[in-house]
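Structural overview for review
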Amino acid sequence: MDGKMASLFKAMSDENRLKILRLLLSGERCGCTLIDQLPISQPTLSYHLKWLTKVGLTRSYKEGTWNKHEVNKETLDALIDYLIQLRDTEETQCSL
């Protein structure tokens, strides 16, 4: 589980990927509508979308000639649960 979470945090450590996630949280979109709202090139957008899909933060599917992208909220929920468990871990003191 820690390896999966590390991959998610790594994916979210990029400012452009966070911007893409924020845009997709308002609803599914194709890359052509995302690119107009980001200061990056189309190849860079494709790279980031592949990253987000690879780690499971987004899903994509083909609709006609368009590739649609959406946030995978189950993965976001798992990330939130992980952070809550991390926060609530009992402190133990090391006795020497």
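Look above for the structure.
Everything quoted here is computed from the prediction, not taken from an experiment.

Evaluated as defined, the whole model comprises one aromatic pair. With a centroid separation of 6.5 Å and 55° between ring planes, the pair formed by Phe-9 and Tyr-82 is classed as tilted. One end of the pair, Phe-9, is in helix H1 (residues 2-11); the other, Tyr-82, is in helix H5 (residues 73-87), with 73 residues separating them in the sequence. Under the relative-accessibility criterion, Tyr-82 is labelled buried at 16%. Over the ring of Trp-51 we find Arg-17; its NZ or CZ atom is 4.4 Å from the centre of that ring. Cation over ring: Lys-54 sits above Trp-51, and NZ or CZ is 5.5 Å from the ring centre.

Here we take up the layout of surface pockets. In this approach a probe as big as a water molecule rolls over the atoms, and the regions it shows empty are the leftover space. Here the largest pocket defines a volume of roughly 240 Å³. Lining the largest pocket we find Gly-31, Cys-32, Ile-35, Gln-42, Leu-45, Ser-46, Leu-49, Lys-50, Thr-53, Ser-60, Asn-67 and His-69. Residue assignment for the lining of the largest pocket shows that the elements contributing at least two residues are helix H3 (31-35), helix H4 (42-54) and strand S3 (66-71). Here the element with the most residues in the lining of the largest pocket is H4; it accounts for six residues. For the lining of the largest pocket, the per-class residue count stands at four nonpolar, seven polar and one charged.

Below, the discussion takes up the sheet that holds strand S1 (residues 29-30). Sheets are built from strands paired through backbone hydrogen bonds, the pairs being either parallel or antiparallel. Taking strand neighbours across the sheet as the criterion, the three strands line up as S1-S3-S2 in an open arrangement whose pairing is antiparallel. The sheet terminates laterally at S1 and strand S2 (58-63), the two strands that pair on one side only. Relative to S3, S1 runs antiparallel, the two being bridged by two bridges. Within the sheet, the bridge partner assigned to Cys-30 lies in S3 and is Lys-68. Set on the sheet, helix H2 (residues 15-24) makes contact with S1, S2 and S3; between it and S3 the angle comes to about 90°.

Attention shifts here to the packing of H1 against H5. The interhelical angle for the contact between H1 and H5, taken along N-to-C directions, is 110°, at an axis separation of 11 Å. Classified by the angle their axes make, H1 and H5 are roughly perpendicular. Viewed along their axes, H1 and H5 form a crossing whose handedness is left-handed. In this structure, H1 uses Asp-2, Met-5, Leu-8 and Phe-9 to contact H5, whose residues at the interface are Thr-75, Ala-78, Leu-79, Tyr-82 and Leu-83. Tallied by class, residues from the contact of H1 with H5 come to seven nonpolar, one polar and one charged.

Before going further, it helps to spend a moment on the pairing of S2. Two faces belong to every sheet, and in a regular strand the side chains alternate between them. Of the strand pairs in this sheet, S2 and S3 are connected by six bridges, and their pairing is antiparallel. Across the sheet, residue Tyr-61 finds its bridge partner in S3, namely Lys-68. Counting the residues in the hairpin turn of S2 and S3 gives two residues, including Gly-64, whose phi is positive at 65°.

About the criteria used
Residues numbered from 1 in each chain as written. Predicted model: local features only at pLDDT ≥ 70, side-chain atom pairs only at ≥ 80, totals over all residues. Heavy atoms only, no water. Phe/Tyr/Trp six-rings, centres within 6.5 Å; stacked < 30°, edge-to-face > 60°. Helix = DSSP H or I, 4+ residues; strand = E, 2+ residues; numbered from the N terminus. Buried < 20%, exposed > 50% of the residue type's maximum accessible area, 1.4 Å probe, protein only. Lys NZ or Arg CZ within 6 Å of the ring centre and 35° of its normal. 1 Å grid on protein atoms, 1.4 Å probe; cavity = no way out; pocket = protein on both sides within 12 Å on 5 of 7 lines; lining within 4 Å. Points joined across faces, edges and corners; volume = space filled by probe spheres on them. Nonpolar A, V, L, I, M, F, W, Y, C, P; charged D, E, K, R; others polar. Pairing = 2+ DSSP bridges. Contact = heavy atoms within 4.5 Å. Axes fitted to C-alpha atoms, helices over the stretch in contact; angles between N-to-C directions. Parallel < 35°, antiparallel > 145°, perpendicular 65-115°, else oblique. Left-handed = near helix turned anticlockwise from the far one by under 90°.

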